[in-house]
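# Understanding the architecture of this molecule
Spelled out, the chains give:
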Amino acid sequence: MGQARALLIGSCQAFSGKSAVVLGLARLLLQQGVPVRLGKPLADSAEATPDGAELIDDDVRFVGQILGLADDQLVPSVHLQGSEVARQRLLAGDLQAGAGFERLRQRLQGCSDGLTLLEASGHLHDGLLYGLSLAQVAQGLQAPVLLVHAWEACSSVEPLLEAQRQLGDLLCGVVLNGVPPEQVETLRADVVPALEHLGLPVLGVMPRSPLLRSVTVEELVRRLDARVLCCHDRLDLLVETLSIGAMNVNSAMEFFRRRRNMAVVTGADRTDIQLAALEASTQCLILTGAGEPLPQLISRAEELEVPLLKVEHDTLTTVEVVESTFGHVRLHESVKATFAFRLVEEHCNFQPLLARLRLPVAA
């Protein structure tokens, strides 16, 4: 193949870690003197360019800011997905990408240097209603594809095989992500050679990261529709784990000591558990049920700068909402971006990919 103008970063399912890989790969290219542009053909959320003519995806703008890219290095999206737009397209029977996709193609053809990294939607089928599924964009642009795939067990290969069937020779590499740390070496030793034998070149095996799966207290407030009782200025704290304060206080203290950066969910009447949680590695305390916390609890929380949240849900519902949030939020915190750089640098080798794309390869 000649030098590719664009590389698609896709996945078989949402929240597989594409943004982390885009960050790490983009930084590697910039360090090697390769000009980088970023885009997302089908935006999830976006804001208009200053002239109002085009849309820049919010993820693209965030990654661009982290990397210090100029506005002209951010590629506008073709469509912005939403329920009303989807309804209109369905009723009109409109499944074509349209003129915006042709503009994207022409923009890429006009780029004589470097590489444009285009992040695809979550699942393989996402974007079909807009003519912008992973396979449609790859084939329409004749762009090679790097897949980021959440690996759980050997059955995880099946979505990769389906992606391979759809993409053919355009699939040029796979990064396995979210691997339990204790399984990384075993995977490298036996699963990676097996995948490569099937024509799936593996460019990285990244361990699961509690930090990258973490969620801000502010996001929990939003999803739980919670009332913030104190420490409004600490809602940027990152929560990595969840604990339920339903046991006796001695057991709770022992349990809390073994956890880090946790959200603790407990009844509003369990002052003993609440005070114990405040003395541990707690990023926020979520109170359920009737009643209000005692003033001394609020005072202690303010001293320790731990946000207190009050919710109307019962404990079980609250726990379900919090658990569904981990690993399902976008990478929009600079501390996560910094960690993503390191994770990709340590666990991925993109040199074979760069060689295939005819880009500079580090000595």
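Look a little higher up for the structure.
The paragraphs below set out a description of the structure included in this document.

### Topic: the packing of helix α9 (residues 217–224) against helix α13 (residues 315–325)
Interaxial distance between α9 and α13 falls to 10 Å at its minimum, and their mutual angle equals 130 degrees. By the angle class used here, α9 and α13 are oblique. With respect to the hand of their crossing, α9 and α13 are arranged in right-handed fashion. Contact with α9, carried on its side by Glu219, Leu220, Arg223 and Leu224, involves Thr318, Val321, Val322, Ser324 and Thr325 of α13 and no other residues of that element. Its residues assigned to classes, the contact of α9 with α13 comprises 4 nonpolar, 3 polar and 2 charged.

### Observations regarding empty space enclosed by the protein
All told, the structure shown has 2 cavities of 30 Å³ or more when counted by the stated rule. Reported here for the largest cavity is a volume of approximately 60 Å³. Those elements that provide at least two residues to the lining of the largest cavity are β2 (36–39), α2 (58–67) and β8 (115–119). When residues of the lining of the largest cavity are assigned to their parent elements, the largest contribution, 3 residues, is made by α2.

### Considering the packing of aromatic side chains
Here the structure, examined in full by the defined rule, presents 0 aromatic pairs. A cation over a ring is seen here: arginine 27 above phenylalanine 341, with NZ or CZ 4.4 Å from the ring centre.

### A word on the pairing of strand β15 (residues 241–245)
By the criterion of burial, β15 is predominantly enclosed, with 4 of the 5 residues buried. Note: β15 against strand β16 (residues 262–267), 5 bridges, orientation parallel. Its bridge partner lying in β16, glycine 245 is registered against threonine 266.

### Points about the pattern of salt bridges
Under the definition given, this model contains 17 salt bridges. The partner of arginine 300 in a salt bridge is glutamate 279, with the nearest N and O atoms 3.0 Å apart. Taken together, the positions of arginine 300 in helix α12 (residues 295–304) and glutamate 279 in the loop between α11 (271–278) and β17 (282–288) put the pair 21 residues apart, joining distant regions of the chain. Overall, the relative accessible area of 26% leaves arginine 300 in the partly exposed class. Within this structure, Lys40, Asp44 and Asp59 form a network of salt bridges that share partners.

Analysis parameters
- Residues numbered from 1 in each chain as written.
- Predicted model: local features only at pLDDT ≥ 70, side-chain atom pairs only at ≥ 80, totals over all residues.
- Heavy atoms only, no water.
- Axes fitted to C-alpha atoms, helices over the stretch in contact; angles between N-to-C directions.
- Helix = DSSP H or I, 4+ residues; strand = E, 2+ residues; numbered from the N terminus.
- Parallel < 35°, antiparallel > 145°, perpendicular 65-115°, else oblique.
- Left-handed = near helix turned anticlockwise from the far one by under 90°.
- Contact = heavy atoms within 4.5 Å.
- Nonpolar A, V, L, I, M, F, W, Y, C, P; charged D, E, K, R; others polar.
- 1 Å grid on protein atoms, 1.4 Å probe; cavity = no way out; pocket = protein on both sides within 12 Å on 5 of 7 lines; lining within 4 Å.
- Points joined across faces, edges and corners; volume = space filled by probe spheres on them.
- Phe/Tyr/Trp six-rings, centres within 6.5 Å; stacked < 30°, edge-to-face > 60°.
- Lys NZ or Arg CZ within 6 Å of the ring centre and 35° of its normal.
- Buried < 20%, exposed > 50% of the residue type's maximum accessible area, 1.4 Å probe, protein only.
- Pairing = 2+ DSSP bridges.
- Salt bridge = Lys/Arg side-chain N within 4 Å of Asp/Glu carboxyl O.

Interpretation in functional terms is not warranted from these geometric data alone.
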